[in-house]
Amino acid sequence: MNKAFQVIPLGGCGEIGMNLTLWRVDDSWFFVDCGTLFADEHLPGMDLIFPSLDCVRERGIKPAAWLITHGHEDHIGALPFVYSEFPAPIYTTQFTAELIKEKFRGLELPAPEIHIWQVWNRTTFRQASVTPFPVNHSIPDACGLYFETKYGNLLHTGDYRVDRSAPEGSVTLDNLAKITAGRETLLMTGDSTNVFVPGRDREEKQIAESLLKLFDGVKGRVVVATFASNIWRVKSAFHAAHATGRKVVLLGRSLIRNYEICRRLGMIDDIDENIVISQEELKLYKPHEVCVLCTGTQGEVFSGANRLAFGTMDNIRLDGNDLVILSARSIPGNEKSIGVLINQFWRLGCRVLTGKEADVHVSGHGYSQDLADCIALVKPKMFMPLHGEYRNLVQHINVAMASGVPAECCHLVENGDVLTVAPEALGVTDRWDVGRDFVGSERVVSGSSDVLRNRVMLAKNGIVEISLVTDNSLSRMLGEPKIFVRGVNTRPNRVKDALIGSFRELQRSQRKSNWTEESLSEELRIAVRRELEAEVGYKCVVTMFVHRI
Ligand SMILES: [Zn+2]
Ligand SMILES: [Zn+2]
């Protein structure tokens, strides 16, 4: 199909995270977002996961541009790892651009080519044009995209919520009305994160009011932990601190970095610079004059919150007069580490409040009725959910149908599916194999290599390494074999017995004359592994080196 308008998600349609979608207009390809997902304990030594671009590489596809909706890790995290191979101008808003630049700088990579978008301004490419429009979200400068082609228009919501008293200054619904006014939208693609939460999301203003009430009357310090990118929440905490006569200390590299970016961009001019004090200055203030703003809501080991909880921070020891507010959601999978953190604060005698006990968090993603309101307003001809697990995508289609999109015009598209929307709306017409790549210690590990498979196998099974020297005829062991046992429930002496027994057994066998170092090594490896299996209960990894002298 040479001439077509297609949408191909490589990540984000089947999980919440690692968003990357391709938009194709004839021979032009637009890469939308490029995010990561945090690796869990099933991936030993890996920190991040992102969609492999093998499928793009093998088709010889080059991006005309990268279009980035906002600066969350699930939208920009993988850019530094793929950009040098797929270079193209990056188009995004100012705050997002600053975060991307920081990422490249942090990894000592050459700066990418970034074009800063002014929202509502159209950027024209050879086969299409795109207009970013502001949406409410839990990070500044988040935008949706209106993509115009000769085949029809695509509206991509980006991550969004609907906040009727939005700190951004405009409301998602009003902006959707403005961008779609007088235009027909062929396809709408939208954020499915909170589709199972009934009703409408609350407003950041409510959290600001709630924080103020909670700060009031606390005898000791107030600690607010939040995501570093949630500048609205940071501002709400600043205002509560100011109103209750507290200075603010910022803990956490990313929090300090984002605060500085916002300062530079004039996004927090309403906050008095003098309210911020350094960690050293803490000793000049009484506990009730202090608010600590920190990262670490997910129980991350090196975060500010964790160091406060475990008392490893200079100039500050929390006690029973202090209030700790975890002002963020818990990301699924992090429950255990968050539990450890909260228990540790309790151990210090602190009062701890999370979104369960108090009004201290609103989501950055619209609830089901918000999503329905937006779809009903845009009235797209076709709808495709993204940014969700499979069940979110299905439920979002249910919402779209209830909002007036006919069932046959709703497309359930998974990662790798090629959705063809024009010149004919054919639905899913092809399927690409989409793999996953990984990042461990800031280096990319290809999912198609055997690094990860071996890592998992070693982590599960442990390893026994044996090195032995024989005479030239391979019939007599010389000296003591060297044996290393790592993570296997046996002792080196036991392995040695198995080795000597197996060696003798093999000497008696008829195949002796055919041996080479390699074949003897392999026979011994299998024999020792069999012996050990009887002892430890499974086939462990055994490596064997035979050296002939
Ligand atoms: Zn986001
Ligand atoms: Zn996202």
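Reading the values: rules and limits
Residues numbered from 1 in each chain as written. Chains lettered and ligands numbered in written order. Predicted model: local features only at pLDDT ≥ 70, side-chain atom pairs only at ≥ 80, totals over all residues. Helix = DSSP H or I, 4+ residues; strand = E, 2+ residues; numbered from the N terminus. Buried ≥ 20, exposed ≤ 12 C-beta atoms within 10 Å, placed from the backbone. Contact = placed C-beta atoms within 7 Å. Core = buried A, V, L, I, M, F, W, Y, C linked by C-beta atoms within 7 Å. Pairing = 2+ DSSP bridges. Axes fitted to C-alpha atoms, helices over the stretch in contact; angles between N-to-C directions. Parallel < 35°, antiparallel > 145°, perpendicular 65-115°, else oblique. Left-handed = near helix turned anticlockwise from the far one by under 90°.

## So, the overall build of the protein chain
Working step 1: Across its full length, the protein chain holds 15 helices and 29 strands.
Working step 2: In terms of overall dimensions, the protein chain has a C-alpha envelope of 90 × 70 × 45 Å along the principal axes.
Working step 3: Buried positions account for 45% of the 549 residues belonging to the protein chain.
Working step 4: For the protein chain, the share of sequence-separated contacts (at least 6 apart) that also reach a separation of at least 24 residues comes to 70%.

## A few points about the nonpolar core
Note that soluble globular proteins tend to have their nonpolar side chains buried in a common cluster.
Working step 1: Within the largest apolar cluster, 83 residues are counted, with the highest numbers of intra-cluster contacts made by Cys34, Trp66, Leu67, Ile375, Phe383 and Met384.
Working step 2: In terms of residue count, the dominant contributor to this core is helix H11 (residues 368-378) (five residues).
Working step 3: Beyond its immediate stretch of four places on either side in the chain, Phe383 contacts Met188, Ile375, Ala400, Val405, Cys409 and Cys410.
Working step 4: Core analysis: the second largest hydrophobic core is formed by 44 residues, Ile207, Ala241, Cys294 and Ala305 among them.

## Some points on the sheet that holds strand S19 (residues 323-326)
Working step 1: The strand order across the open sheet formed by six strands is S17-S16-S18-S15-S19-S20, and the pairing between neighbours is parallel. With partners counted over all chains shown, the strands left at the sheet margins are strand S17 (276-277) and strand S20 (351-353), one partner each.
Working step 2: Here five bridges tie strand S16 (residues 247-251) to strand S18 (residues 290-294), and the two strands are oriented parallel to one another. In the sheet register, Leu250 faces S18, and the bridge partner there is Leu293.

## A few points about the environment of Glu465
Working step 1: Tracing the backbone shows Glu465 in strand S27 (residues 463-470).
Working step 2: As a C-alpha pair, Glu465 and Leu20 span 445 residues in sequence and 42 Å in three-dimensional space.
Working step 3: Aside from chain neighbours lying at most four places away, what touches Glu465 is Phe484 and Thr543.

## Focus on the sheet that holds strand S29 (residues 541-548)
Working step 1: With mixed pairing, three strands are arranged side by side in an open sheet as S28-S27-S29. Each edge of the sheet is formed by a strand with only one pairing partner; in this case those strands are strand S28 (477-486) and S29. Each strand axis lies, on average, 10 degrees off the axis of its neighbour in the sheet, ignoring direction.
Working step 2: Across the sheet, helix H14 (residues 492-508) is in contact with S27 and S28; its angle to S28 comes to roughly 135 degrees.

## Details of the pairing of strand S23 (residues 417-422)
Working step 1: Along S23, five of the six residues are buried, which leaves the element largely enclosed by surrounding structure.
Working step 2: The pairing of strand S1 (residues 5-11) with S23 spans three bridges and is classified as antiparallel. Counterpart to Phe5 in the pairing with S23 is Ala422.
Working step 3: Once S23 ends, the chain turns through four residues before running back antiparallel as strand S24 (residues 427-431).

## What about the packing of H14 against helix H15 (residues 517-536)?
Working step 1: Between H14 and H15, whose axes approach to 9 Å, the crossing angle comes to 130 degrees. On the basis of the axis angle, H14 is oblique to H15. Crossing hand, H14 versus H15: right-handed. Contact residues: Arg494, Val495, Ala498, Leu499, Ser502, Phe503, Glu505 and Leu506 in H14; Glu523, Leu524, Ala527, Val528, Glu531, Leu532 and Glu535 in H15.

## What to know about unusual backbone geometry
Working step 1: For the bond from Ala422 to Pro423, the omega torsion is 5 degrees, close enough to zero to count as cis.
Working step 2: Mapped onto the elements of the fold, Pro423 is located in the loop between S23 and S24.
Working step 3: Non-glycine residue Asp26 carries a positive phi angle of around 50 degrees.
Working step 4: A positive phi angle, near 50 degrees, is found at Lys379, a position not held by glycine.
Working step 5: Looking at where Lys379 falls in the secondary structure, it is placed in the loop between H11 and strand S21 (382-386).
Working step 6: Accessibility expressed as a C-beta count within 10 Å gives 13 for Lys379, which makes it partly exposed.

## Comments concerning the pairing of S21
Working step 1: In terms of residue burial, S21 counts as a mostly covered element, since five of its five residues are buried.
Working step 2: Here S21 shows a buried face lined by Met382, Met384 and Leu386 and a second buried face lined by Phe383 and Pro385.
Working step 3: Pairing of strand S14 (residues 185-191) with S21 involves five bridges; the strand directions are parallel. Pairing of Met188 across the sheet is with Phe383, part of S21.

## Some remarks on the environment of Leu154
Working step 1: Tracing the backbone through its elements, the reader meets Leu154 in strand S13 (residues 152-156).
Working step 2: Among the residues examined, Leu154 registers 28 C-beta atoms within 10 Å and is labelled buried.
Working step 3: Sequence separation between Leu154 and Thr189 is 35 residues; the distance between their C-alpha atoms is 7.6 Å.
Working step 4: Setting aside residues up to four positions removed in sequence, Leu154 forms contacts with Trp23, Phe147, Leu186, Leu187 and Thr189.

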